[in-house]
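The residues making up each chain are set out below.
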Amino acid sequence: MYTVSTGEWQRERAAPPVPMFAQCADVRTRLVVMGGWDPETFEPVQDVHVLAAATGVWRRGTPMRSARSFFVCAEVAGKICMWQRGREDP
């Protein structure tokens, strides 16, 4: 986690394992990490993890409707939008 006021980086304790090629988006005061590949099976995952930046607490979010990797996402008006082209095969 980067603190702008001090210019310091700090590792978040208790962070969940992040899948390979996961994407992230900031939504107001939260960081959302989603999708990617399971590092053991190399299969796309539906995982969603949410970090409350103010408290440093992670929680598991509602899984995506389908497993995804190699997509882009961004926050638009308080919602996460994602775009993807092509196949999901690793």
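This text goes with the structure placed above it.
Conventions and cut-offs
Residues take numbers from 1 onward in each chain, read along the sequence in its written order. It should be noted that, the model being predicted, local features are given only for residues of pLDDT at least 70 and side-chain atom pairs only at 80 or more, the latter also being counted only at that level, while totals for whole chains, interfaces and linings use all residues. For side-chain calculations, the full set of non-hydrogen atoms in the structure is used, while hydrogens and water are omitted. For two strands to be treated as a pair, DSSP must find no fewer than two bridges joining them. Runs of E in the DSSP output that reach at least two residues are strands. Runs of H or I that reach at least four are helices, and both are numbered from the N terminus. Axis angles are defined between N-to-C directions and span 0 to 180 degrees, where every axis is a line fitted to C-alpha atoms and, for a helix, only to the segment in contact. Only protein chains enter the accessibility calculation, which uses a 1.4 Å probe; a residue is then buried when its area is under 20% of its type maximum, exposed when over 50%, and partly exposed in between. Here a residue-residue contact requires only that any non-hydrogen atoms of the pair lie within 4.5 Å.

Novice: Please give an account of the sheet that holds strand S4 (residues 30-34) that cites residues and values.
Specialist: If you trace the 4 strands from one edge of the open sheet to the other, you get S3-S4-S5-S6, paired in antiparallel fashion. A strand with exactly one partner marks an edge of an open sheet, and here the two such strands are strand S3 (23-27) and strand S6 (57-60). The sheet shows a mean angle of 20° between the axes of neighbouring strands, direction not considered. For strand S5 (residues 48-52) and S6, the ladder comprises 4 bridges, and the chain directions are antiparallel. Bridged to His49 within S6 is Arg60.

Novice: Quick rundown of the environment of Glu43? Include the residues and the values.
Specialist: With respect to the helices and strands, the residue Glu43 is situated in the loop between S4 and S5. For Glu43, a relative accessible area of 44% translates into the label partly exposed. Sequence spacing of Glu43 and Ala67 is 24 residues, and the spatial spacing of their C-alpha atoms is 8.5 Å. Apart from residues lying up to four places away in sequence, Glu43 is in contact with Gly36, Trp37 and Asp38.

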